[in-house]
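As a plain string of letters, each chain reads:
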Amino acid sequence: MGGFRFLFVLLLAVAPAAYGANILGLFSSHSQSHLILHMSMMKALAEQGHNITVVSMMKPKVMHKSIHLIVVPPSDEKEAIMENQMTEMANQKNSIYDTMIRLLNGMSAMVESQVDLITDPRFQRIYETKFDLMFMGFFMNDFQLGVAHKLQVPVIVAWMSAPMFVIDDYVGNPSEISYVPILGTVMKRGEKVAFGKRLENFVKNIFFRVIGVIFNQRAERHYKQLFGNEPNLPSIEQLRRNISMVFTNCHLISEGPIRPLVPAHAEIGGIQIKEKPDPLPEDIAQFLDGAEHGGVLLSLGSNIKSSAVKPELVQSMFKVLSSLKQRVVWKWEDLDNTPGKSANILYKKWLPQDDILAHPKIKLFITHAGKGGITEAQYHGVPMVALPIFGDQPANADNMQKSGYGIAQDLLQLTEENFGASINEVLGNEKYKKAIGGFSQLYRDRPLSARQTVLYWTNYVLRHHGAPHLQSPSVHLNWVEYLNVDIYILVATVLTLLLLLNFVIVRFIVRKLAGKSQKSSKKVKKQ
Ligand SMILES: *[C@@H]1O[C@H](CO)[C@@H](O)[C@H](O)[C@H]1NC(C)=O
Ligand SMILES: *[C@@H]1O[C@H](CO)[C@@H](O)[C@H](O)[C@H]1NC(C)=O
């Protein structure tokens, strides 16, 4: 008996070894923000004991010591073009059509560098390993599905945002364009979608589908170019249907819109955020624990160093912050040259932002409105004053303010008066805390956390060597079949024929009757 128990304990102890699958992460989009999300998944899997190999174009910011990393940077020429593209896109606000046209014309470098990566000798080495599963970070690159075919492994597609039609189509997720807003259409929770909005959504849908067709032709060309020599090569369409699952970076119950999702779709929004905060460094912990009136975190990324930010501006910020009764943790690089000394301000060169936001005393986050910081504040339910300057920051700040999570103001227009007013409004008015706190509660209330979702469904696909049984039958239908257009045509035809037949019969009977009555009336006349 004791022996059995010992064996049992031993089995438990070695159980993680069961997780040692060989997993390939192919994340070839030229974007650090995509890579952070993808690597957060890989990190969770590596921590569980899987043997992870990642191929990317740049060195990731999120890493785990046991992950085998293969970095294949793009050529200098393509790199320059892509940098340009990214800045141009980031600087644009709200013009999704411009962006799409730009994508079509200028994105070739982004797509082609992902083709180059597959042919690079550094990448080719992966074929020497026997893999069990491939993750593909989606970015107009599904011609890379040929890699999974060569490796004979199931595929999970990871997408850095909420599901959109390409991702939906992989797993047969219904598009529901009558009430699921497509990029840019504003639909509020609980709203009855009026005719005009449905029309707008419908037209956008057609627009994106047309662009999709163009991208698809390019993907097929690249697929043939890369894998055309493989024996018994399936069509790219067949490989798309063979995708086991998609993981998307969203949580629609809290973020909206509410829409149907097939079982082969898993939401992993928030994967980059730690579930349990690490303990804070001693000095920060003491400083915040003793904050009788609460604490404020100020982190402007690297903006505040830039020459664009005038010293007067920093002085205005200092005056406002040093007069608060709250304690302020200020991220400041040059500790020999701080904006000024004040008992309620603690300057730190580096700080664990996520862990500080998790501290119960934190009442306000002053941020440059980077995507990562905003997500962390939303997760922890901390209202914000956003001070954006460039890139995607103004748009992020705008969305944050529209959601009621705080106030946004242009960093370069900051004065003592308007900065003080914003801070006092967000600290003094309960509505901001209530709005973001409500979101935070919904965001965290899930059957499986983002991390658990990644682990569970990845292991699920590994256990079953793919997940064909999860596949929605709609994957095999074209749009005529999917929308039952053929059946409507049949029904309409039958109805029309019946109507015609009715018409003919009625006319026949009417004629007959009319004929009889004429005859009989003639008879009457003769008599
Ligand atoms: C882990 O993956 C690497 C490929 O990156 C491979 O060379 C190695 O053999 C794998 N380890 C095991 C135990 O399979
Ligand atoms: C389809 O996926 C399965 C695993 O889910 C894989 O074994 C098979 O090779 C894939 N089929 C093709 C044609 O690549």
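Since the structure is predicted, the reported quantities are computational estimates derived from the model, not experimental observations.

1. With respect to the site of ligand 2
Part 1 of the argument: In the vicinity of ligand 2, the contacting residues are His-149, Gln-152, Pro-154, Pro-234, Leu-239, Asn-242, His-465 and Gly-466.
Part 2 of the argument: Measuring from an oxygen atom of ligand 2, one finds a side-chain N or O atom of Gln-152 at 3.3 Å.
Part 3 of the argument: A distance of 3.5 Å separates an oxygen atom of ligand 2 from a polar atom in the backbone of His-465.
Part 4 of the argument: When ligand 2 sits alone it has 370 Å² of accessible area, and the protein chains cover 70% of it.
Part 5 of the argument: A per-class count over the shell around ligand 2 returns 3 nonpolar, 5 polar and no charged.

2. Notes on the pairing of strand E10 (residues 345-348)
Part 1 of the argument: Side chains Ile-345 and Tyr-347 project from E10 onto one buried face, and the interleaved Leu-346 and Lys-348 project onto a second face that is buried too.
Part 2 of the argument: Taken together, the 4 bridges between strand E9 (residues 327-331) and E10 define a ladder with parallel strand orientation. Pairing of Trp-330 across the sheet is with Tyr-347, part of E10.

3. Topic: the nonpolar core
Part 1 of the argument: Ranked by internal contacts, the top residues of the largest apolar core, which has 79 residues, are Met-41, Met-42, Phe-135 and Val-147.
Part 2 of the argument: When residues in this core are grouped by element, the largest group, 8 residues, is from helix H2 (residues 32-47).
Part 3 of the argument: In this structure, Leu-298, Leu-313, Val-314 and Met-317 belong to the second largest nonpolar core, which totals 28 residues.

4. Quick word on unusual backbone geometry
Part 1 of the argument: Cis peptide bonds are those with omega within 30 degrees of zero, and the linkage from Gly-256 to Pro-257 qualifies with -5°.
Part 2 of the argument: A positive phi angle, close to 45°, is found at Glu-176, a residue other than glycine.
Part 3 of the argument: Of note, Glu-176 is situated in the loop between helix H8 (165-171) and helix H9 (195-227).
Part 4 of the argument: The backbone of His-465 sits at a positive phi, close to 50°, despite the residue not being glycine.
Part 5 of the argument: By secondary structure assignment, the location of His-465 is in the loop between helix H19 (450-463) and helix H20 (479-482).
Part 6 of the argument: His-465 sits in the exposed class, given a relative accessible area of 69%.

5. Comments concerning the pattern of salt bridges
Part 1 of the argument: What the rule picks out here adds up to 16 salt bridges.
Part 2 of the argument: Across the pair Glu-230 and Lys-150 runs a salt bridge, and its minimum N-O distance is 3.4 Å. With a gap of 80 residues between them, Glu-230 in the loop between H9 and helix H10 (236-241) and Lys-150 in helix H7 (residues 145-151) connect regions that are remote in the sequence.
Part 3 of the argument: We note a salt bridge from Lys-331 to Glu-333, for which the minimum N-O separation is 3.2 Å.
Part 4 of the argument: When its relative accessible area of 27% is taken as the criterion, Glu-333 is described as partly exposed.
Part 5 of the argument: Through salt bridges with shared partners, one network takes in Asp-142, Glu-237 and Arg-240.

The rules we used
Residues numbered from 1 in each chain as written. Chains lettered and ligands numbered in written order. Predicted model: local features only at pLDDT ≥ 70, side-chain atom pairs only at ≥ 80, totals over all residues. Heavy atoms only, no water. Near = heavy atom within 4 Å. Polar contact = N/O pair within 3.5 Å; in protein donor to acceptor, adjacent residues only side chain to side chain. Areas by Shrake-Rupley, 256 points an atom, 1.4 Å probe, with all protein chains shown as cover. Nonpolar A, V, L, I, M, F, W, Y, C, P; charged D, E, K, R; others polar. Buried < 20%, exposed > 50% of the residue type's maximum accessible area, 1.4 Å probe, protein only. Helix = DSSP H or I, 4+ residues; strand = E, 2+ residues; numbered from the N terminus. Pairing = 2+ DSSP bridges. Core = buried A, V, L, I, M, F, W, Y, C linked by side-chain atoms within 4.5 Å. Salt bridge = Lys/Arg side-chain N within 4 Å of Asp/Glu carboxyl O.

Everything listed here is a matter of coordinates, which is why it stays silent on function.
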